[in-house]
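Structural characterization, general
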Amino acid sequence: MTLQKSPRELASHSAFAPAAASERAGPRTGPRTGPRTGLAPCVALIGCDGSGKSTLASDLVALLNREAPTRSMYLGLGTGDLGRRIGGIPLIGRIAERFLTGKASKAHEGHAVSGRNIKEKRLPGLATALAMFGFSLARYRRFRQVLGYRRQGVQVITDRYPQAEVPGSFDGPGLSWARKGSALVERLAQRERALYEDMASYRPTLVIRLNVDVDTALARKSDHQRAMLEKKIAVVPTLRFGGAQIVDVDATRPYHDVLEGIRAVLRRHGMPS
Ligand SMILES: Nc1ncnc2c1ncn2[C@@H]1O[C@H](COP(=O)(O)OP(=O)(O)OP(=O)(O)O)[C@@H](O)[C@H]1O
Ligand SMILES: [Mg+2]
């Protein structure tokens, strides 16, 4: 899978219109309707691994915080980093990492069950599903913290942002709700989907989409798998984040240029730094 447009082309089509007033996304499937106003701005940094989200989040918070109270929050799962940290443990690390990576990719890709050329992708077993659900709950708790800050008037820069559009490893639900599995795991998948729909119903004020090509991403994250990075690069431009305003940034440019470009965008949106 390859990127349809280069990071530079994506950035050149970027819109710079003022942010929409409503923070709540359009019609949702869940029953709850929440407050539509009274939230401080939230800027979501999204992009493939290696696009610079964490580095930029940290620098932007330091700069913005000089003008107005600002926090950053990591809204990813951290499972990839956890696997890599475990991999660093002497002797058992590599084996444990391989086991976890195998479980995770099986859960995301599904099991191919062949029978008369029909391949059905299935939900994982209960233990893996519970672990994935646990990570999603932890993300949900951090998301509620973000809302808490925003209600107190603290603006937030998020490193990643949950979405309910695509299941799998793109900051969406880990368990693919449309797949079959045991009754318990199917219920967990539905429950997890509801968590993501709730989070996604809060639209960020602005999404900064950091575009990189796979070679740049791999150069910055040499321990990552090329195929997974390619998949992420293909999916990232398709995510809509409930119709939030999205600004495309060519994140292959030198770091200082990327940072200054984003600061200029934020200034235009009333967030001086
Ligand atoms: N524009 C840039 N030019 C050169 N190097 C960069 C640029 N942006 C980030 N980097 C470097 O690339 C590396 C990866 O950046 P970072 O960890 O911030 O990416 P990330 O998007 O948070 O990745 P992940 O999704 O894996 O957490 C870091 O060493 C960072 O300093
Ligand atoms: Mg990061």
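So, how was this worked out
- Residues numbered from 1 in each chain as written.
- Chains lettered and ligands numbered in written order.
- Predicted model: local features only at pLDDT ≥ 70, side-chain atom pairs only at ≥ 80, totals over all residues.
- Helix = DSSP H or I, 4+ residues; strand = E, 2+ residues; numbered from the N terminus.
- Near = placed C-beta within 6 Å.
- Nonpolar A, V, L, I, M, F, W, Y, C, P; charged D, E, K, R; others polar.
- Buried ≥ 20, exposed ≤ 12 C-beta atoms within 10 Å, placed from the backbone.
- Pairing = 2+ DSSP bridges.

The next thing to look at is unusual backbone geometry. The phi angle at Arg160 is positive, at roughly 80 degrees, despite the residue not being glycine. With respect to the element layout, Arg160 can be found in the loop between β5 (155-159) and α6 (183-200). Even without glycine at this site, Phe241 takes up a positive phi of about 50 degrees. Counting through the fold element by element, Phe241 comes out in the loop between α8 (226-235) and β7 (246-250).

Once that is clear, we can look at the site of ligand 1. Residues in contact with ligand 1 amount to 15 residues; listed here are only the nearest, Asp49, Gly52, Lys53, Ser54 and Thr55. Those elements that provide at least two residues to the shell around ligand 1 are α2 (53-64) and α9 (255-268). Top element by residues in the shell around ligand 1 is α2. It accounts for three residues. Looking at the shell around ligand 1 residue by residue, the class counts come to four nonpolar, six polar and five charged.

Where burial is concerned, most of strand β1 (residues 42-47) is hidden: six out of the six residues are buried. Here β1 shows a buried face lined by Cys42, Ala44 and Ile46 and a second buried face lined by Val43, Leu45 and Gly47. Looking at chain direction, β1 and β5 are connected through four bridges and run parallel. Note that in β5 the partner of Val43 across the bridge is Ile157. Here β1 runs beside strand β6 (residues 206-211); their pairing, made up of five bridges, is parallel. Across the sheet, the residue bridging to Leu45 is Ile208, located in β6.

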